[in-house]
Amino acid sequence: MKSWILHILVNAAAIVIVGALFASVTIDGLGGALLAAFILSILNAIVRPVLVVLTLPITVVTLGLFLFIVNAITLAMTDAFLGSTFEITSFGMTIVAAVFISLINLVLNSFIKE
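Everything quoted here is computed from the prediction, not taken from an experiment.

A short note on the overall build of the protein
So, point 1. Broken down by element type, the protein carries five helices and two strands.
So, point 2. Each principal axis of the C-alpha distribution contributes one length, and for the protein these read about 40 × 35 × 20 Å.
So, point 3. Of all 114 residues assigned to the protein, the portion counted as buried reaches 32%.
So, point 4. Within the protein, contacts between residues separated by at least 24 positions form 64% of all contacts whose residues are at least 6 apart in sequence.
So, point 5. Of the accessible surface of the protein, which amounts to about 6,500 Å², a share of 76% is contributed by carbon and sulfur atoms.

This is how it looks when you write it as structure tokens:
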């Protein structure tokens, strides 16, 4: 349970950083980022594995690069669920935001010892 909450907090920090870096990503404060991180973690636990299995052939052909698109799809779904609380202007920006959120998560998680 602690690990999941910590993961949500790290995800929220990554979302806030991406929101500060790009004007195309808007977040309504820290509460909006926490809610977006919570929804994103639920989607990553439930929807992402299904998408990975369904897109396995194209993922193999692209040597795993299609996983960035899968991450962007889950981020776009989060955007759709939250409405004006968390918005990304275009799908291209969603792909860029997903890449940056993944990289920031990688860096932040490297500092956390479980």
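Some thoughts on the layout of surface pockets
Once rolled over the atoms, a probe with the size of a water molecule shows which space is left empty.
So, point 1. Here the largest pocket is characterised by a volume of approximately 200 Å³.
So, point 2. Lining the largest pocket we find His7, Asn11, Leu40, Asn44, Arg48, Asn71, Thr74, Leu75, Ala98, Ile101, Ser102 and Asn105.
So, point 3. For the lining of the largest pocket, the secondary-structure elements that each account for two or more residues are helix H1 (2-21), helix H2 (29-54), helix H4 (66-82) and helix H5 (91-110).
So, point 4. For the lining of the largest pocket, the element with the highest residue contribution is H5, accounting for four residues.

A word on the packing of aromatic side chains
Here the distance between the centres and the angle between the planes together describe a pair of aromatic rings.
So, point 1. Inspection of every chain in the model, using the stated rule, returns two aromatic pairs.
So, point 2. Judged by centre distance (5.6 Å) and plane angle (65°), the rings of Trp4 and Phe38 are edge-to-face. With a gap of 34 residues between them, Trp4 in helix H1 and Phe38 in helix H2 connect regions that are remote in the sequence.

Examining H4
So, point 1. With 17 residues, H4 ought to run about 24 Å at 1.5 Å a step, and its terminal C-alpha atoms sit 25 Å apart, in line with that.
So, point 2. Taken together, the buried positions of H4 are occupied by Phe66, Val70, Asn71, Ala72, Thr74, Leu75, Thr78, Asp79 and Leu82.
So, point 3. Against H2, helix H3 (56-61), strand S2 (86-88) and H5 lie the buried residues of H4.

Topic: the packing of H1 against H5
So, point 1. Between H1 and H5, the shortest axis-to-axis distance is 9 Å and the interhelical angle comes to 130°. The orientation of H1 with respect to H5, classified from their angle, is oblique. Here the hand of the crossing between H1 and H5 comes out right-handed. Contacts from Val10, Asn11, Ala13, Ala14, Ile15, Ile17, Val18 and Leu21 of H1 reach H5 at Ala97, Phe100, Ile101, Ile104, Asn105, Leu108 and Asn109.

A short note on the nonpolar core
Nonpolar side chains tend toward joint burial in soluble globular proteins.
So, point 1. Ranked by size, the top nonpolar core spans 20 residues in total, and within it Ile15, Val25, Leu75, Phe86 and Ile88 carry the most contacts.
So, point 2. At the level of secondary structure, the elements contributing two or more residues to this core comprise H1, H2, H4, S2 and H5.
So, point 3. When neighbours within four sequence positions are excluded, Phe86 is seen to be in contact with Ile15, Val25, Thr26, Ile27, Ala36, Leu75, Thr78 and Asp79.

Considerations on H5
So, point 1. With 20 residues, H5 ought to run about 28 Å at 1.5 Å a step, and its terminal C-alpha atoms sit 28 Å apart, in line with that.
So, point 2. Tucked inside the fold, the buried residues of H5 contact H1, strand S1 (25-27), H4 and S2.

What counts as what
Just so you know, the residues in each chain are numbered from 1, in the order the chain's sequence is written. Local features in a predicted model are, by the rule used here, given only for residues with pLDDT of at least 70; side-chain atom pairs are given and counted only at 80 or more, and totals for whole chains, interfaces and linings are based on all residues. Values reported for side chains reflect all heavy atoms of the structure, with hydrogen atoms and water molecules removed beforehand. Secondary structure elements follow DSSP: runs of H or I of four or more residues count as helices, runs of E of two or more count as strands, with numbering from the N terminus. Residue burial is assigned from relative accessible area. The probe radius is 1.4 Å, only protein chains are included, and a residue is buried under 20% of its type maximum, exposed over 50%, and partly exposed in between. Any two residues whose heavy atoms approach within 4.5 Å are treated as being in contact. Here the open area of atoms and residues is found with the Shrake-Rupley method and a 1.4 Å probe, where only the protein chains shown may cover a residue. Think of a 1 Å grid over the protein atoms and nothing else: a 1.4 Å probe that fits but is trapped marks a cavity, an open set flanked by protein within 12 Å on at least five of seven lines marks a pocket, and residues with an atom within 4 Å of a point count as lining. Grid points are joined across faces, edges and corners, and a volume is the space filled by probe spheres set on the points. Each pair of aromatic rings taken from Phe, Tyr and Trp, with Trp reduced to its six-membered ring, is defined by centres within 6.5 Å and is described as stacked if the planes are under 30 degrees apart, edge-to-face if over 60, and tilted in the remaining cases. Residue count minus one, scaled by 1.5 Å, sets the expected span of a helix. Axis lines are fitted to C-alpha atoms, over the contacting stretch for helices. Their N-to-C directions set the angle, which ranges from 0 to 180 degrees. Geometric relationships in this document are graded by angle, where less than 35 degrees denotes roughly parallel, more than 145 denotes roughly antiparallel, 65 to 115 denotes roughly perpendicular, and other angles denote oblique. The handedness criterion is simple: a crossing whose near helix is rotated anticlockwise from the far helix by less than a right angle is left-handed, and one whose near helix is rotated clockwise is right-handed. Remark: nonpolar core denotes a set of buried residues (Ala, Val, Leu, Ile, Met, Phe, Trp, Tyr, Cys) joined through side-chain atoms within 4.5 Å.

Honestly, it's all geometry; don't read function into it.
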